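Observations on chain architecture
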Amino acid sequence: MNVIFLILILFLVGAIVTAFAGKWSSLLQDGLFILAVTIPAVLFFTQVEMNQLVGWTRGGIHLELGLTPFSYFFAILVLLLGVASAIYSVGFMHGKARKSYYYFNYLLTIMAMLGILFSRDFISFFVFWEIMTWASYLMVVMNGTRTQEIGIKYFVFSAIGAYAMLMAIVLIHAQTGNFLIQDFIDTYPSLAHGRQILIPILLLVGFSVKAAVMPLHVWAPGSYAYSPMSFTSVFSGALSKMGIYGMVIVFVTLLSHLPEGGLIRDIIAWMGAMTAVIATLWAIAQDDARKLLAYSSVGQLGYIVIAVAIGTPMAMLAGLFMAFMHGLFKGALFMVVGAVEKQTGTTDFTKVTGLIRKMPWTFLTALISIIALAGIPPLGGFIGKWMLYESLILSDHYLLVIVAFFSSTAAFLYAYKFLFGFFLGQEEEEWADVKEAPITMLIPMLALAVGSILLGAFPQLILKPINNGLISLGFSDSYGKLWETSTLFNEWGDKVVLQPIIYAIMGVFLTTLAFTYFRNRKRTRYVSTKDISTSGEIPLAHENLTFKENFFQPFLRAVEPVMKKQIDWYYREFGAGLEAIFNFTRRIYSGNGQTYALYAVIFLIVLLLLNGNLFGQ
């Protein structure tokens with residue numbers, strides 16, 4: 001049996017067996033779940049050969065599966081997060097209901113994402129895309145929280161993307177006579193001009209939904225926020241990248257042949273920029289960590305869309321590097337929120353605070369991941385954002401640089417809010433008994449945090465696979481030239497050597513820490529949030545006087561005009577209009593036979609009156 005088939009079958013069988021194993025033993029179920037993820041991952045990295053194709057023909061339709069250097073890069077992210085989140089899930093789901101349901105859909109989602117990356121024909125691609133969508137939808141509604149609003153919204157937008165993609169596939173088959181992706185790419189330059197424009201646009205609509213590009217992003221904040229946090233690490237970190245995967249293929253292999261391709265790229269880039277800005281502002285306004293990270297994820301995806309839409313070699317390297325980094329640090333941050341939720345029962349900043357001494361390893365993960373998210377050296381987030389800004393400047397997109405830099409700067413606000421809200425505020429008596437998260441939750445999140453540090457010092461570990469993937473799509477080899485074209489790499493040699501920056505940051509941090517400790521060691525006094533000056537007023541027991549209450553209100557008031565109308569409002573108004581039309585139609589088609597007879601009589605009278613005009617008599 002071909003190893004690609006074997007990997008997919010192992011995931012499918014593992015999902016079924018794991019779901020039923022819970023009837024016999026919870027411990028057995030946990031073990032089988034971990035094995036169902038790790039064994040296929042080991043087979044993938046040790047047995048799957050690059051560019052090996054396996055195909056079969058059924059009913060005159062030829063289907064193919066295989067692995068390309070480009071899909072290999074995304075598969076690394078999927079399996080890395082898949083294994084890490086699976087280990088984390090064992091600790092997170094301990095004692096929770098519906099564990100079998102969770103394990104089954106988790107494994108189906110990972111299988112479907114790998115299936116998408118293996119697919120070399122549109123039929124397989126679409127089937128795995130739908131499995132991924134349905135499995136993730138079932139995870140979104142698993143907790144039963146706001147199912148009608150969040151679940152239906154996710155389903156509707158996923159259906160919009162799927163139907164757009166299906167229309168494109170039908171057109172492709174009509175033009176080429178088969179469903180093979182490479183055959184379509186080869187045939188594309190010879191298609192009629194209208195088809196050359198319509199097909200990429202339909203595909204981009206489908207991919208943009210999963211990549212949460214504005215205005216197709218409205219499903220994402222709620223879905224990310226209300227899915228189980230152990231799954232959201234994969235949902236935000238890997239599943240959203242399936243949209244990026246498809247967008248890059250469309251940009252590189254299709255739009256590069258169109259005279260209008262540059263205009264479409266600029267439009268998508270600006271949609272990404274607006275996504276980054278608006279989502280960042282909404283992230284700042286959130287008092288719940290789940291919603292903050294949900295909006296943050298949408299904003300971070302906006303940067304990636306900007307880069308891949310611009311499409312220069314450095315921009316592509318920057319966008320895909322940021323995509324990988326986003327999977328690491330955002331996966332770790334969602335795990336942090338899941339750990340806090342499991343240990344305290346809440347993710348609300350206004351309720352839980354001062355956990356730095358109670359959950360020090362969770363705090364360390366949050367600190368490292370927030371630094372990476374903010375793009376501060378020496379972590380990998382800095383490398384990606386530097387290359388993004390540089391690629392925009394070199395391609396003369398100066399206004400986009402300003403917009404992206406504003407969004408990135410504003411992200412510092414919610415990054416600080418996240419750290420302060422959970423960990424750096426006053427310790428409260430009600431959280432005195434909080435313990436650190438279980439070891440099965442700590443190890444995966446710390447491993448992802450270490451990955452952010454590692455890629456900051458040695459970005460070539462992932463830049464090489466990215467470059468190989470782009471070469472397979474038709475790009476020229478830019479890996480060696482990167483050191484010549486980038487100020488960042490050219491200044492520091494054949495790799496990013498950040499040791500001087502690391503030593504400087506560590507020196508400043510340790511000096512400040514030592515000074516603060518020895519300066520206040522004898523005078524430190526722990527106080528409650530009520531032990532403050534209140535100008536003679538006596539605060540009541542229910543009044544929250546911590547700094548995190550009404551975080552950044554002056555800033556939010558300043559940007560309120562931008563945030564006044566949400567995209568949701570327009571969709572609601574559109575839906576209300578459709579509902580009014582349907583209600584009117586419902587009055588016409590009342591189901592009454594006499595009414596239908598009257599319609600028939602009226603129709604005949606109209607025909608008689610217009611007889612001369614219609615039939616020329």
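The structure this text deals with has already been given above.
Please read these numbers as outputs of a predicted model, since none were measured by experiment.

Considering the overall build of the protein chain
Within the protein chain, the secondary structure is distributed over 26 helices and two strands. By the burial criterion, 53% of the 617 residues in the protein chain qualify as buried. For the protein chain, restricting intrachain contacts to residue pairs at least 6 apart in sequence, the fraction spanning at least 24 positions comes to 79%. Split by element, the accessible area of the protein chain, about 27,400 Å² in all, is 66% carbon and sulfur.

A short note on unusual backbone geometry
Here the residue pair Met214 and Pro215 is connected by a cis peptide bond, since its omega of 10 degrees sits within 30 degrees of zero. Take Pro215: it is sitting in the loop between helix H8 (193-210) and helix H9 (220-226). In this model, Arg98 sits at a positive phi of 65 degrees, which is unusual for a non-glycine residue. Mapped onto the elements, Arg98 comes out in the loop between helix H3 (69-92) and helix H4 (99-118). Residue Arg98 is classed as partly exposed on the basis of its relative accessible area of 44%.

Focus on the nonpolar core
Within soluble globular proteins, side chains that are nonpolar generally end up buried alongside one another. Tyr106, Ile244, Met247 and Phe418 are the most contacted members of the largest nonpolar core, which totals 200 residues. The greatest single-element share of this core, amounting to 21 residues, is contributed by helix H13 (residues 313-344). Excluding its chain neighbours within four sequence positions, the residues that come into contact with Met247 are Leu204, Phe207, Ser208, Ala211, Val213, Ile268 and Val305.

Points about the packing of aromatic side chains
If you walk through the whole model with that rule in mind, you get 39 aromatic pairs. Each ring, one from Trp129 and one from Phe207, has its centre 5.6 Å from the other, and the planes form 65 degrees; the classification is edge-to-face. Here Phe207 lies in helix H8 and Trp129 lies in helix H5 (residues 122-140), a separation of 78 residues in the sequence. Take Trp129 and Phe207: they sit in the same class, and that class is buried. By way of ring pairs, the aromatic residues Phe33, Tyr102, Tyr103, Tyr106, Tyr154, Trp219, Tyr224, Phe231 and Phe235 are connected into one cluster. Over the ring of Phe92 we find Lys96, and its NZ or CZ is 4.9 Å from the ring centre. Just above the ring of Tyr101 sits the side chain of Arg98; from NZ or CZ to the centre is 4.1 Å.

Looking at helix H12 (residues 289-310)
If you check H12, its first and last C-alpha atoms are 32 Å apart, about what 22 residues at 1.5 Å a residue would give, namely 32 Å. For H12, the tally of buried residues reaches 21 of 22 residues, placing the bulk of the element in the interior. Looking at where H12 begins, the residue whose side-chain oxygen comes 2.9 Å from the main-chain nitrogen of Arg290 is Asp288. Following H12 by one or two positions, Gly311 adopts a phi angle in the positive range, close to 85 degrees.

Some words on the packing of H3 against H13
Close contact between H3 and H13 brings their axes to 11 Å; oriented N to C, the two are set at 5 degrees. Taken as axis vectors, H3 and H13 run roughly parallel relative to one another. Contact residues: Phe70, Phe73, Phe74, Ile76, Leu77, Leu80, Leu81, Ala84, Ser85, Tyr88, Gly91 and Phe92 in H3; Leu320, Ala323, Phe324, Gly327, Leu328, Phe334, Met335, Gly338, Ala339, Glu341 and Lys342 in H13.

Concerning the environment of Met50
Residue position: Met50 is located in the loop between helix H2 (26-47) and strand S1 (53-58). A sequence separation of 16 residues divides Met50 from Gly66, and the C-alpha atoms of the two residues are 7.8 Å apart. With residues up to four places along the chain from it excluded, the contact list for Met50 reads Leu67, Thr68, Pro69 and Tyr72.

Overview of the pairing of strand S2 (residues 61-66)
One ladder, built from six bridges, connects S1 with S2; its direction is antiparallel. Across the sheet, the residue bridging to Gly55 is Glu64, located in S2. Counting the residues between successive antiparallel strands, the hairpin from S1 to S2 contains two residues, one of them, Gly59, with a positive phi of roughly 60 degrees.

A word on the packing of helix H1 (residues 3-21) against H4
In contact at an axis separation of 8 Å, H1 and H4 are set at 170 degrees when each is read in the N-to-C sense. Comparing the axis directions of H1 and H4 gives the class roughly antiparallel. Contacts between H1 and H4 involve Ile4, Ile7, Leu8, Phe11, Leu12, Gly14, Ala15, Ile16, Thr18 and Ala19 from the first element and Ser100, Tyr103, Phe104, Leu107, Leu108, Ile110, Met111, Leu114, Gly115 and Phe118 from the second. Residues of the contact of H1 with H4, tallied by class, amount to 16 nonpolar, four polar and no charged.

Side note on a nonpolar patch on the surface
Where nonpolar side chains cluster on the molecular surface, the patch consists of Leu12, Ile16, Phe20, Trp24 and Leu28 and spans about 540 Å² of accessible area. It is H1 that provides the largest number of residues to the nonpolar patch, a total of three residues. Tracing the backbone through its elements, the reader meets Ile16 in helix H1.

Regarding the side chain of Ser395
Topologically, Ser395 is positioned in the loop between helix H15 (380-394) and helix H16 (398-424). There is a polar contact of 2.8 Å between the side chain of Ser395 and the backbone oxygen of Ser391. Of the polar contacts made by the side chain of Ser395, one reaches the backbone oxygen of Leu392; its length is 3.2 Å. Sequence-distant contacts of Ser395, defined by excluding residues within four places in its chain, comprise Ile310 and Thr312.

So, how was this worked out
Residues numbered from 1 in each chain as written. Predicted model: local features only at pLDDT ≥ 70, side-chain atom pairs only at ≥ 80, totals over all residues. Heavy atoms only, no water. Helix = DSSP H or I, 4+ residues; strand = E, 2+ residues; numbered from the N terminus. Buried < 20%, exposed > 50% of the residue type's maximum accessible area, 1.4 Å probe, protein only. Contact = heavy atoms within 4.5 Å. Areas by Shrake-Rupley, 256 points an atom, 1.4 Å probe, with all protein chains shown as cover. Core = buried A, V, L, I, M, F, W, Y, C linked by side-chain atoms within 4.5 Å. Phe/Tyr/Trp six-rings, centres within 6.5 Å; stacked < 30°, edge-to-face > 60°. Lys NZ or Arg CZ within 6 Å of the ring centre and 35° of its normal. Expected span 1.5 Å × (residues − 1). Polar contact = N/O pair within 3.5 Å; in protein donor to acceptor, adjacent residues only side chain to side chain. Axes fitted to C-alpha atoms, helices over the stretch in contact; angles between N-to-C directions. Parallel < 35°, antiparallel > 145°, perpendicular 65-115°, else oblique. Pairing = 2+ DSSP bridges. Nonpolar A, V, L, I, M, F, W, Y, C, P; charged D, E, K, R; others polar. Patch = residues over 30% accessible without salt bridge, like charges linked within 9 Å, V, L, I, M, F, W, Y side chains within 5 Å. Salt bridge = Lys/Arg side-chain N within 4 Å of Asp/Glu carboxyl O.

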